[in-house]
Amino acid sequence: MATTSPSETVPVTADDAEPPETLWEKAGGGRGVAVAVGLLALTRVGQLLMVWWLGNASGSTTGVWHRLLVWDGGWFIRVAVDGYPHGFTYDDNHVLQANELAFFPLYPMLLRLGTVLGLPPGVAGVGVAWLASIGAAVGLHLLGTTLRDKRAGWALVAIVCSAPVSVVLSMAYSESLFLGLVAGMLAAAHRRAWGWAGFLGLCAALTRPTGAAAAMALGVAALLALRDVPRSDLAGRVKPLAAAAVALAGVPLFLGWVGWRVGDWTAWFKIQTAGWGTSFDYGSSTLKFLDDTFTGADGWVQVSVGLILLAALAAAGVALAQKLWPPLMVYGVVAMILVYGQAGFYHSKPRLLLPVLITLVPAAFAAARARPRVAILSITAWAVFGLWYGAYLITIWPYTM
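To keep things clear, this report deals only with the structure shown in the data block. Given the structure is predicted, the values throughout are model-derived calculations rather than measurements.

## Comments concerning the layout of surface pockets
Here is step 1 of the chain: Approximately 1000 Å³ is the volume found for the largest pocket.
Here is step 2 of the chain: The wall of the largest pocket is formed by 41 residues, among which P209, W268, Q272, T278 and Q342 lie closest to the centre.
Here is step 3 of the chain: Of all elements in the fold, only α4 (72-82), α11 (234-262), α12 (267-276), β3 (279-280), α15 (326-341), β4 (342-343) and α16 (349-353) reach the threshold of two or more residues within the lining of the largest pocket.
Here is step 4 of the chain: Here the lining of the largest pocket gets six residues from one element, more than from any other, and that element is α12.
Here is step 5 of the chain: Here the residues of the lining of the largest pocket are counted per class, giving 25 nonpolar, 12 polar and four charged.

As C-alpha cells, this is what we get:
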C-alpha cells in the first residue's frame with residue numbers, strides 16, 4: 001500500500017477545501033453588526049442631547065421632537081397623508097410654486113404604511129428614519145468590511161453617522177433611508193449578489209434623485225463582472241446586467257410619472273426650480289458662492305459651508321488617488337457633480353454630500369490602519385464637532401437645510 005512521506009503534499013480536493021468566508025462572517029457576525037448599531041446609537045443619543053442643550057441655552061420654547069419634523073419633514077408627511085397633487089401649484093399671481101411632486105416616493109410610502117398601522121404621521125416619519133438609520137449602520141459596516149475589513153466598517157459607521165449635518169439621520173428626512181440603500185447596494189454588488197443589488201438600487205433610485213448616480217455605479221459593477229463570466233454562461237451574464245437595468249429605470253420612472261400626472265414631461269424640473277431654485281448650471285452658482293464666501297462673507301455658517309465644500313473636494317481627490325473600487329468612485333464622482341453642479345440653497349449642500357461616501361471612506365480606511373487609541377481619539381474629536389454642528393443648525397440657525 002502506497003504511503004506518503006511527511007515531506008509530500010497531499011492534494012486538497014474541492015470537498016476538503018475551506019468554504020469562502022461570507023461577508024457576514026467577515027463583518028464579525030451578529031457581534032460585529034451589534035457594534036455598528038451601537039456606534040450609531042451613541043451618535044444619535046449624543047446629538048439629541050446636544051439639540052436639547054442648545055435649545056434650552058438659546059431660550060427656545062421649541063422642543064426636540066418638533067425640531068425633528070421641520071422643513072422637508074413637513075413635505076414628506078403631507079405626501080404620506082394627502083398624496084401627490086395632480087398638477088402644478090400657483091400663487092394668487094399665477095406664479096409657479098413648490099409642491100409635493102418634487103419629493104421622491106419611497107420614503108413617504110413607508111410613512112404612509114406607518115399611518116395605516118395606526119401611528120401618528122410625525123411618529124411614522126421619525127420612526128421610519130430611525131429604523132432606516134439602523135439599516136444604514138448595518139449597510140455601512142458591511143460596505144467597509146467588504147472593501148477592507150471589519151475595523152474599516154466600524155470606522156465608516158462612526159465617521160458617517162457623526163459627520164456635519166448627520167443630524168438628518170434622526171429627522172423626518174429621506175437621507176437615512178437613501179444612505180442605507182446605497183451602502184447595501186454597493187456591498188451587494190461588491191459581493192456580486194445581483195438580486196439584492198438590483199432591488200436595493202431600484203429602491204435608492206425611488207428615494208432620491210441621486211439614486212441615478214448609484215444606478216450608474218451598479219452598471220459599472222455589472223460591466224466589471226462580465227469580464228470574469230464566460231460567454232457561454234448566459235445566466236451569469238444576464239444577472240448583473242438585469243440588476244443594473246432595474247436600478248437605472250428608477251429615476252426615469254418617477255420623473256416620467258410626474259410628467260404624465262401633470263401633463264408636462266419637464267414638470268419635476270420646473271417644480272424644483274420654482275420651489276427651491278434648483279437647476280443644473282454646471283457649477284457656476286457654487287463657484288460664485290465660494291467666491292462671495294471667501295471674499296466678503298460675515299456669517300460663520302456660510303464660511304463653514306464653504307470650507308466643507310472645499311474639504312469634500314480634497315477628500316474626493318484623496319479617494320481618486322487611492323484608486324478605490326471603481327463603482328464606488330463612479331457613484332461618488334457623479335453624485336458630487338450633481339451637488340456641486342446645481343444651483344440652490346447653499347446651506348443644503350453639506351446634507352446632500354452626506355451619502356456621497358467617497359469623501360469619508362479614505363478617513364475610515366486610515367482609521368482602520370491606525371493604532372486603536374489614535375483612531376478612537378481622532379473619530380471622537382470629529383464626532384464632537386460634527387454632532388454639535390448639526391445640532392446647532394436645527395436649533396440656532398434659522399434656515400432650512
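## Concerning the packing of aromatic side chains
Here is step 1 of the chain: One pass over the structure, following the stated rule, counts 22 aromatic pairs.
Here is step 2 of the chain: Relative to Y346, the ring of F289 lies with its centre 4.6 Å away and its plane at 20°, an arrangement referred to as stacked. Residue F289 is located in helix α13 (residues 284-296), and its partner Y346 is located in the loop between β4 and α16; the two are separated by 57 residues in the primary sequence.
Here is step 3 of the chain: Relative accessible area serves as the criterion here: at 10%, F289 is assigned to the buried category.
Here is step 4 of the chain: The rings of Y84, F104, F254, W257, W268 and F269 are connected pair by pair, giving a single aromatic cluster.
Here is step 5 of the chain: Of note, R78 hangs over the ring of W75, and the distance from its end group to the ring centre comes to 4.6 Å.
Here is step 6 of the chain: The cationic tip of R148 hangs over the ring face of F365; the distance from NZ or CZ to the ring centre is 5.9 Å.

Conventions adopted
- Residues numbered from 1 in each chain as written.
- Predicted model: local features only at pLDDT ≥ 70, side-chain atom pairs only at ≥ 80, totals over all residues.
- Heavy atoms only, no water.
- 1 Å grid on protein atoms, 1.4 Å probe; cavity = no way out; pocket = protein on both sides within 12 Å on 5 of 7 lines; lining within 4 Å.
- Points joined across faces, edges and corners; volume = space filled by probe spheres on them.
- Helix = DSSP H or I, 4+ residues; strand = E, 2+ residues; numbered from the N terminus.
- Nonpolar A, V, L, I, M, F, W, Y, C, P; charged D, E, K, R; others polar.
- Phe/Tyr/Trp six-rings, centres within 6.5 Å; stacked < 30°, edge-to-face > 60°.
- Buried < 20%, exposed > 50% of the residue type's maximum accessible area, 1.4 Å probe, protein only.
- Lys NZ or Arg CZ within 6 Å of the ring centre and 35° of its normal.

Just distances and angles here, no functional claims.
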